[in-house]
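# Observations on chain architecture
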Amino acid sequence: MVSDGLGERLPPGSSSERAAVGRARAQRLLVTLLGDHWHAGRSPLPSGGLVAVLAEFGIAPANARATLARLTQRGMLQRTKEGRRTSYRLTEPAWHILQRGARRIFATTDESAWDGSWTLIAFTVPMEDANQRRLIRARLRWLTFWPLYDATWVTPHDRRHEAREQLSELGVTDAVILRSTELELLPAGRARLEAAWRIDEVAAGYRDFLHRYRELAGRATAGGVLPAEALVARTRLVSDWRALVGADPDLPAEFLPRSFPRAEARAMFLSISEALAPLAQKRFEDLVQRLEPV
């Protein structure tokens, strides 16, 4: 089941569930597009242009306008109006969140040089605040923390600064952050952590990514992709890669099988995204220049 965003669980396959999935997809898509193609300090983008951009992905105008409204309500977008023209821009907090994400999405190498140290975080939030707990877990996973226990998370990377920043943004003041080589995992604790990492599933995800994008990789490097296709293809590529990165604990080589396909998949992702970037940017800018009021 999925949530309708208001805490209610929706029956699988129902029209309400399909609508909720569609709303979430449209919001993720627009955030991805803005993170890729709009830059801090630039003028707000006209709503008509953003509706035209989303139409490239099969999103109807009414749904596109609803997406703009929802992201504004969530504090991701800021709305401005001059006469009949309505425009949007990312808010400052949203921009910083996307930039933090981009640093990991477009990283060129694995964080494989490990000094044997672990970062451990333990925190507590009120049990009744389920939304805050969900946000904390999502942010920690993105930072490559994985749960040993419900509120005790660990990563082999030095994430102290990022963890403090995230906890501060979420208003969490009751937490402990440690960086140490002295982390002894008893058998049950080690098994718990390995189960949380799900290395086999992560590897399968990378192999599937390589299979799905191999044909596009060949055409992109050969210059066989037109701007209209480039915008859609690159946005889906980035979205799929973000999902893989978010599921990957980014473990040092010591914890991975030799055949782990992350490096090959990353090389393909960077090659395609770099080849398509100028074409996708041109298509995006051509579309957002449609200034008719919406």
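It should be emphasised that the depicted structure is a prediction, and the values quoted were computed from it without experimental measurement. (Residues numbered from 1 in each chain as written. Predicted model: local features only at pLDDT ≥ 70, side-chain atom pairs only at ≥ 80, totals over all residues. Heavy atoms only, no water.)

## Digging into the pairing of strand 7 (residues 146-149)
With 3 bridges connecting them, strand 7 and strand 8 (residues 152-155) associate as antiparallel partners. Bridge pairing links P147 to W153 in strand 8. (Pairing = 2+ DSSP bridges. Helix = DSSP H or I, 4+ residues; strand = E, 2+ residues; numbered from the N terminus.)

## Regarding the sheet that holds strand 5 (residues 85-90)
Taken in spatial order, the 3 strands of this open sheet run 3-5-4, and their pairing is antiparallel. What marks the edges here is a single partner per strand, and that holds for strand 3 (45-46) and strand 4 (77-82). Where strand 4 lies against strand 5, 6 bridges are found, and the strand directions are antiparallel. Of the residues in strand 5, the one forming a bridge with R79 is Y88. Against the sheet, helix 3 (residues 61-73) touches strand 4 and strand 5, its axis set at about 115° to strand 4. (Contact = heavy atoms within 4.5 Å. Axes fitted to C-alpha atoms, helices over the stretch in contact; angles between N-to-C directions.)

## A few points about unusual backbone geometry
Positioned with a positive phi, T144 is a non-glycine residue whose angle comes to about 75°. With respect to the helices and strands, T144 occurs in the loop between helix 5 (130-142) and strand 7. Overall, T144 belongs to the buried group, its relative accessible area being 0%. Phi is positive for R198, close to 50°, though the residue is something other than glycine. (Buried < 20%, exposed > 50% of the residue type's maximum accessible area, 1.4 Å probe, protein only.)

## Focus: the sheet that holds strand 9 (residues 175-180)
Taking strand neighbours across the sheet as the criterion, the 4 strands line up as 7-8-6-9 in an open arrangement whose pairing is antiparallel. Strands with a single pairing partner mark the edges of an open sheet, and in this sheet they are strand 7 and strand 9. With direction set aside, neighbouring strand axes in the sheet form an average angle of 25°. Across 6 bridges, the pairing between strand 6 (residues 118-123) and strand 9 is antiparallel. Paired with L120 across the two strands is L178, which belongs to strand 9. Its contacts with the sheet put helix 6 (residues 160-169) on strand 6 and strand 9, and the angle it makes with strand 9 is roughly 175°.

## A word on the packing of aromatic side chains
One pass over the structure, following the stated rule, counts 12 aromatic pairs. Look at Y206 and F260: their rings are 5.8 Å apart centre to centre, the planes differ by 85°, and that puts the pair in the edge-to-face class. Of this pair, Y206 sits in helix 8 (residues 199-221) while F260 is found in the loop between helix 9 (227-247) and helix 10 (262-288), placing the two residues 54 residues apart along the sequence. For Y206, a relative accessible area of 1% gives the class buried. Where W241 meets F269, the ring centres are 4.9 Å apart and the plane angle is 10°; that geometry is what we call stacked. (Phe/Tyr/Trp six-rings, centres within 6.5 Å; stacked < 30°, edge-to-face > 60°.)

## Overview of the nonpolar core
Of all hydrophobic cores here, the largest spans 67 residues; its most connected members are L34, W241 and I272. If we skip the residues at most four places from it in the chain, W241 touches I105, Y206, F209, R262, A265, R266 and F269. Judged by nonpolar contacts, the second largest core, of 12 residues, contains I121, L143, F145 and L167. (Core = buried A, V, L, I, M, F, W, Y, C linked by side-chain atoms within 4.5 Å.)

## Points about the packing of helix 2 (residues 47-55) against helix 3
At their nearest, the axes of helix 2 and helix 3 sit 9 Å apart, and the two run at 120° to each other. One way to sum up the angle between helix 2 and helix 3 is to call them oblique. As helix 2 packs across helix 3, the resulting crossing turns out to be right-handed. Mapping the contact onto sequence places S47, L50, V51 and L54 in helix 2 and P61, A64, R65 and L68 in helix 3. Residue composition of the contact of helix 2 with helix 3, grouped by class: 6 nonpolar, 1 polar and 1 charged. (Parallel < 35°, antiparallel > 145°, perpendicular 65-115°, else oblique. Left-handed = near helix turned anticlockwise from the far one by under 90°. Nonpolar A, V, L, I, M, F, W, Y, C, P; charged D, E, K, R; others polar.)

## Re helix 4 (residues 92-105)
For helix 4, with 14 residues, the first-to-last C-alpha span of 20 Å sits near the 20 Å given by 1.5 Å per residue. Within helix 4 the residues assigned to the buried category are A94, W95, L98, R100, G101, R104 and I105. (Expected span 1.5 Å × (residues − 1).)

## Description of helix 2
Summarising burial for helix 2: 8 of the 9 residues are buried, a large majority. Within helix 2, the full set of buried residues consists of S47, G48, G49, L50, V51, A52, V53 and L54.

## Description of the confidence of the model for the chain
In low-pLDDT segments, the atomic positions of the prediction should not be examined closely. Mean pLDDT over the chain works out to 84, with 86% of the residues at or above the 70 mark. Mean pLDDT values over the elements of the chain span from 35, in strand 1 (residues 2-3), up to 95, in helix 8. Note on residues 1-21: pLDDT under 50 across the span, and 24 contacts to partners over four residues away in sequence or across chains. (pLDDT = per-residue confidence, 0-100.)

## So, the pattern of salt bridges
Taken as a whole and judged by the stated rule, the model has 16 salt bridges. A salt bridge links R262 to D250; the nearest nitrogen and oxygen atoms lie 3.4 Å apart. Placement of R262 in helix 10 and of D250 in the loop between helix 9 and helix 10 is noted, with a sequence separation of 12 residues between them. Here R262 and D250 have matching classes, each one buried. (Salt bridge = Lys/Arg side-chain N within 4 Å of Asp/Glu carboxyl O.)

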